[in-house]
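Chain and residue survey
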Amino acid sequence: MAQPTINVITTKAPDNHAPVSYDLERFVHALKTAGVLDFVTGLLEQRDSVLHLVINEINQPGVKMAVNNMEQLAAFIGTIPQETWHVVLMAAANGIKSMNDPKASTQNEGMGIFQLLGALKNPETARAVRVILGFLEGFGRAWSSSSKTTP
Amino acid sequence: MSQNVWEIIIDGQTITGHRGDTILDVMLKNNQDIPHICYHPSLGPIQTCDTCIVETEGGLVRACATKIAPNMTVNTHSAPAQEAQAEAMNRILHNHQLYCTVCDNNNGNCVVHNTTKQVGLVHQKYPFERKPYEKIDATNPFYRYDVDQCILCGRCVEACQDLEVNETLSIDWSLERPRVIWDDGVPIGESSCVSCGHCVTVCPCNALMEKTMLGEAGYLTNIPQETLEPMIEWVEDVEPSLPPVFTLSDIESAMRKSRIKRTKTVCTYCGVGCSFDIWTKGRQVLKVEPSPEAPTNGISTCIKGKFGWDFVNSPQRLTQPLIRRGDAFYEATWEEAYRLIAERMLQIKKQHGPDSFMFIASSKATNEEAYLLQKLARHAIGTNNVDNDSTYCQDPATYGLRQTVGFGGDSGSVSDIAQADMVMIVGSNTAESHPVVATRVKRAHKLHGQKLVVVDIRRHEMAERADIFVQPNPGTDGVWILGISKYLIDQDWIDHDFLSQWVTGFEDYKEFLAPYSLEHTRTITGVPEQTTMQVASMIHEAHSLSILWAMGVTQHRDGSETSLAIANLLLLTGNFARPGTGAYPLRGHNNVQGASDFGAKPHYLPGYQDPADPEVRERFKAAWGKELPKTRGINNQELAGAILQGRIKMVYIVGEDTGLVDANAEEARQAFEQLEFMVVQEIFLTKTAQYADVILPASPSLEKDGTFVNTERRIQRIYQAMEPLANSRPDWIILQDMASHLGAQWPTYTHPEEIMAEAARLTPLFAGVTYERLEGYRSLQWPVLEDGTDSPLLYTQSFHQPDGKAHLVALTMSGMSQVDAKYDLHINNGQLLEHFHEGNMTYQSAGIRHVVPGMFVEVSPELAHERNLQDGTMVRLVSPTGSLTAPVLITDRVSGKALYVPMNSLGEGAVNNITGTGIDTRTSTPAYKETRAYMEVVDPQGLGRSPLPRRNWRFKHRHPQRGVNVAAKWARRDYIPLVTAQKHLETEETLNGTAHN
């Protein structure tokens, strides 16, 4: 003959947590030994304020411009065919080597126009000049069309 | 090729479409997609965004709104079309800041994100510009609006105005920067918004978001705003082009699949049976996401289904079996509980016999669980004493329909109600008790000229909208139906062909109706003759009539008789077996239909099979290995008396708060105190559970698999979204374990699918039901043949009677119970929109409590004036059976001496403390609606304020308009449409009428 009741006597629930795995224990111990655990814990617990500080710091015009420029640089490098780039780098390396030749690097006298023209008779020098002229033409063309579309 | 099937050429490919299709319709049906934002399949074309522009012979047109013509040529990729799409997208992004990676709406289904990608924008042409308003409106407890993210597509307005038809939202196009407003520009929490969730569901971006999603859906979305804003600014400045940013956000979106589970389920609240996906993160409910493919509701929901799931994780949930010792419950193991129960049950059975038990099934548990409970009663114990709470509500309607047309369920689908020429609603507060059904009626009435007649004693929302509102005297609507039936016969406005071919008993019925002249009807009901004649004329002119009814009819002594009268009226006028016609008794609980269908009734086996039928008995004996009990069992209404008379010694209740819902609830509680043993299987420590000897913690719908049957006879699957909480278990597992402990030798069911398979083998009504046929959003409406053919519309071949014909059945009206004249007030009762019944589940939601903190008694202004009452006055209502105390709410929804008490009280205000002992003459359904009482003022000052907060929508006014009023947008000089085709240039017709489905 039951009277209504809302009294519920609960027993403390047994600790049903699954035992921490051995590997996880080892990992945490290793972090602690390396002195990293405290650092990571602090970083995670203070995530919001740390992030706020980082964002404030990087949200500066100079930083943003640098990141943007880096992106564009990466995009630029991605447009150059690999073989061409290889040749350019090889040629630059060879040029730097030639630069260090005492014949080129130790003479201090000026050069007259006829000496310059004489240098152009060297087929390798002429080839380099032609390559540079080709580069200048393409550079100038792109610069010119970019100027037209810029508001 | 038929006249209505046309070929058109889209991007060089010939595709077939139908007359009346738009270009976008044809493309989507053929799995071709073009950008589109404001268009939604459930809303139709809205024409605000212009992202769907395509090129035709005539120029640029909107694909969403342009009807196809034979041999039309469409180009979606031409330069002009793509330029227009890009321009439209750019204009949208001027209103919306893209920060997808840190946005809670980045779940793969963000329309703005996906369409921006689809259009192929690389750079935004117009930088995002904030709007000059307070950014966030978070005054609604369930969702928030971020005005800065709003793209003004108008979907929310369209959904609110023309789908939910609550008519709260609009866009103020007159502002310099237009914005969405609630009512005339009040905070959401102070508006007429009913928190149905439609606007949030259709929002194509994160402007409208469920609060439960904020900071929870994404990996990076819970970053505080003061850090988030500079982060977003940093990304915009560093990477102004969109594709890389989208890649990052797509990665983050893909990662969310590992933390967010999307599970299809069916709402656990009312009998409409809305289905949707529920998104969970572990046990956390993130949101309810309805889908156009949901067969009953599409994208529609109400406050409870969309936002009322807090109860699942309530700290009040029962998590451990409890055994009573003295005046306290002590935690026990499952094995201890089972052994105790089995021991006591076998003892009682030996001492007092099987019929000393009573089993009550839950109308919230699944079909499989109802089946197992009645099997426990009949097979394990040997009694037919099993029932569910349909006895409290729709049994009279079931009776009325079985006598006339044969099946005791809705004769069609909600889609039939939507397409009817005329709908009559009798005794149903549909907008609050079956909100999504009401949306279909409201939409049809507003947009498609559906005629609406409401018959009720209370002026609720549907009554306010009705073309004719009939207010008969309490308990006389049955007489009014008879009066109108006689008038129709007298005018010869009946369907002779239908009657001669399909119906018997016309002459007898005509003779029976003779006394119900207009004058006699007016005398009894108080309804003017002119009104009755007007409604009859409307019925005569309507090609199709559907009648909806609910507790206002059935919870009376004449509930069955009035249901008979309604069915007879539909037969007289030929309104069965055709689309848009039929009888719709609206079922209350999510599975009260299923609980009866699957045999939890004292006089029916599964499928309404007769336990006395020899063939049926033989079939069950072969399957169960045991003879079925023969004696008809007792029902819920008879239980209290049977206990007090000493016939019932033990009660086993699953998911039913009998101690609160039984009429004369005080008697029910007194009876419980007399039992020798009581088991309650529940999710909360309810009023009823407080009397138990053993309480078993059960799992609600999100924690198990199974099926429900809704009011359309539609069987739908629910899928498990999360594990049972702590040590609770699904009811079907508990019942199976219980049977095993009783020595019942059942097969071992490893999944509810196997239980359904067994039930289907035994039940011709759903012989073809299998889980495979119910996968996902598929559903079956019984009867279901073995080959899986189901029955959305009943009686298309014949009526379900031995002779194949329907029967007109004469009836006997008894009138309302008579009580002493001192009980001078009529106490109507029912449920509110926000709380489901007593509120065991809905009170667990803080948001719902914010909107409706408690119950009250509605008193008319004239009675308040007469008795010197004000809002908040504490009154006691005293009836012959008991009393309740509640604060007064003065409202013109009631008139004269008719009061209204909602059911949502768990304490002193419980309405069933005063409902009486009258019952329906055929089915014993309690006559809850015939409660009479007198009033005492307990404390004139009382609460000192309205018991319903003034911010509640009931104190507000709606702002109806047709859709988003897009003509006002294009009339602005700063909004230049991108269409160029002459025929398509904006006209009133194009924009405001023909665009609607």
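In this text the structure is predicted, and so the values were computed from the model without any measurement. (Residues numbered from 1 in each chain as written. Chains lettered and ligands numbered in written order. Predicted model: local features only at pLDDT ≥ 70, side-chain atom pairs only at ≥ 80, totals over all residues. Heavy atoms only, no water.)

**Quick word on the overall build of chain B**
- Within chain B, the regular secondary structure consists of 33 helices and 36 strands.
- Over its C-alpha atoms chain B spans a radius of gyration of 29 Å, differing by no more than 12% from the 30 Å that the globule rule assigns to 997 residues.
- With the C-alpha coordinates of chain B rotated into their principal frame, the extents come out at 85 × 70 × 65 Å.
- Classification of the 997 residues of chain B by burial places 65% in the buried group.
- Entry remark: accessible area of chain B is about 34,100 Å², with carbon and sulfur atoms responsible for 49%.
- Taken together, the 91 basic and 120 acidic charged side chains of chain B have centroids lying 2 Å from each other. (Helix = DSSP H or I, 4+ residues; strand = E, 2+ residues; numbered from the N terminus. Rg over C-alpha atoms; globule rule 2.2 N^0.38 Å. Buried < 20%, exposed > 50% of the residue type's maximum accessible area, 1.4 Å probe, protein only. Areas by Shrake-Rupley, 256 points an atom, 1.4 Å probe, with all protein chains shown as cover. Lys, Arg positive; Asp, Glu negative; His and termini not counted. Charge placed at Lys NZ, Arg CZ, Asp CG, Glu CD.)

**Brief notes about the interface of chain B and chain A**
- Of the residues lining the interface, 26 residues belong to chain B; the matching set on chain A comes to 22 residues.
- Here chain B meets chain A over a buried area of about 2,400 Å², counting both sides, of which 55% is carbon and sulfur.
- Where chain B meets chain A, there are one salt bridge.
- A salt bridge links A:Lys64 to B:Glu233; its shortest N-O distance comes to 4.0 Å.
- At the boundary of chain B and chain A, one finds eleven residue pairs in polar contact (both at pLDDT 80 or more).
- Only helix H6 (225–238), strand E14 (322–325), strand E15 (328–331) and helix H27 (665–674) of chain B provide two or more residues apiece to the side of chain B that touches chain A.
- Here the side of chain B that touches chain A gets eight residues from one element, more than from any other, and that element is H6(B).
- When the residues that make up the side of chain B that touches chain A are grouped by side-chain class, the tally is 14 nonpolar, four polar and eight charged.
- Sheet topology places strand E1 (residues 8–9) of chain A next to E15(B); two bridges connect them, and they run parallel. For A:Val8, the partnering residue across the bridge sits in E15(B) and is B:Phe329. (Contact = heavy atoms within 4.5 Å. Buried area = accessible area lost by both parts, 1.4 Å probe. Salt bridge = Lys/Arg side-chain N within 4 Å of Asp/Glu carboxyl O. Polar contact = N/O pair within 3.5 Å; in protein donor to acceptor, adjacent residues only side chain to side chain. Nonpolar A, V, L, I, M, F, W, Y, C, P; charged D, E, K, R; others polar. Pairing = 2+ DSSP bridges.)

**Some remarks on the UniProt feature "domain: 4Fe-4S His(Cys)3-ligated-type" (unreviewed entry) in chain B**
- According to UniProt, the feature "domain: 4Fe-4S His(Cys)3-ligated-type" (unreviewed entry) maps to residues 80–120 of chain B in the numbering used here.
- Regarding residues 80–120 of chain B, the helix share stands at 59% and the strand share at 0%, and the terminal C-alpha atoms are separated by 15 Å. (UniProt positions renumbered as here; feature names shortened; annotations may be inferred.)

**Focus on the UniProt feature "domain: 4Fe-4S Mo/W bis-MGD-type" (unreviewed entry) in chain B**
- As recorded in UniProt, the sites labelled "domain: 4Fe-4S Mo/W bis-MGD-type" (unreviewed entry) are residues 260–316 of chain B.
- Helix makes up 9% of residues 260–316 of chain B and strand makes up 33%, while its end C-alpha atoms are separated by 25 Å.

**Thoughts on the confidence of the model for chain B**
- Averaged over all residues, the pLDDT of chain B is 95; the fraction at 70 or higher stands at 98%.
- Across residues 985–997 of chain B, confidence stays below pLDDT 50; counting only partners more than four residues off in sequence or on other chains, it has 35 contacts. (pLDDT = per-residue confidence, 0-100.)

**Here's the deal with the pattern of salt bridges**
Residue and element names in this part refer to chain B.
- Within this structure, the stated rule accounts for 51 salt bridges over all chains.
- Close ionic contact of Glu87 with Arg91 constitutes a salt bridge, the shortest N to O distance being 3.1 Å. One end of the pair, Glu87, and the other, Arg91, are both in helix H2 (residues 79–94), four residues apart, so they sit about a helical turn from each other.

**Observations concerning the sheet that holds strand E10 (residues 208–210) of chain B**
- The strand order across the open sheet formed by three strands is E6-E7-E10 (chain B), and the pairing between neighbours is antiparallel. Edge positions in the sheet fall to strand E6 (136–137) and E10 of chain B, since each has one partner strand and no second.

**Focus: the environment of B:Met756**
All names here are of chain B.
- By secondary structure assignment, the location of Met756 is in helix H29 (residues 752–762).
- Linking Met756 and Ile457, residues 299 residues apart in sequence, is a C-alpha distance of 42 Å.
- Beyond its immediate sequence surroundings of up to four residues, Met756 is in contact with Glu368, Phe598, Thr707, Ile715, Val769 and Tyr771.

**Things to note about helix H7 (residues 242–255) of chain B**
Residues and elements named next belong to chain B.
- An ideal rise of 1.5 Å per residue puts 20 Å on 14 residues; H7 measures up with 20 Å between its terminal C-alpha atoms.
- Taken together, the buried positions of H7 are Leu242, Val245, Phe246, Ser249, Glu252 and Ser253. Seen end-on, H7 carries its buried residues on one side only, within an arc spanning 120°.
- Turning to H7, the residues buried within the fold contact helix H3 (111–119) and H6. (Expected span 1.5 Å × (residues − 1). Arc of directions from axis to C-beta.)

**Quick notes on the packing of aromatic side chains**
All names here are of chain B.
- What the rule picks out here adds up to 32 aromatic pairs over all chains.
- Ring geometry for Phe512 and Tyr516: centres 5.9 Å apart, planes at 45°, overall tilted. Accessibility classification places Phe512 together with Tyr516 in one group, the buried group.
- Ring plane angle 90° and centroid distance 5.1 Å describe the contact between Phe620 and Trp624, whose orientation is recorded as edge-to-face. With a gap of four residues between them, Phe620 and Trp624 both fall in helix H24 (residues 614–624), about one helical turn apart. Taken as a pair, Phe620 and Trp624 share a single burial class, namely buried.
- Put simply, the rings of Phe407, Phe498, Trp502, Phe576, Tyr604, Tyr608, Trp782, Tyr795 and Phe799 pair up and form one aromatic cluster.
- Over the aromatic face of Tyr219 sits the side chain of Arg259, whose NZ or CZ is 4.3 Å from the ring centroid.
- In this structure, Arg262 packs its charged tip against the face of Trp279, placed 4.0 Å from the ring centre. (Phe/Tyr/Trp six-rings, centres within 6.5 Å; stacked < 30°, edge-to-face > 60°. Lys NZ or Arg CZ within 6 Å of the ring centre and 35° of its normal.)

**A short note on the environment of B:Asn384**
Residues and elements named next belong to chain B.
- Considering the arrangement of structural elements, one finds Asn384 in the loop between helix H10 (367–381) and strand E17 (386–387).
- A relative accessible area of 1% places Asn384 in the buried class.
- Along the chain, Asn384 and Glu87 lie 297 residues apart, while their C-alpha atoms are 71 Å from each other.
- Excluding its chain neighbours within four sequence positions, the residues that come into contact with Asn384 are Asp355, Arg378, Lys601, Pro602, Pro629, Lys630, Thr631, Arg632 and Gly633.
- A distance of 2.7 Å separates the side chain of Asn384 from the side chain of Arg378, its partner in a polar contact.
- Among the polar contacts listed, one links the side chain of Asn384 to the backbone oxygen of Pro629, at a separation of 3.1 Å.

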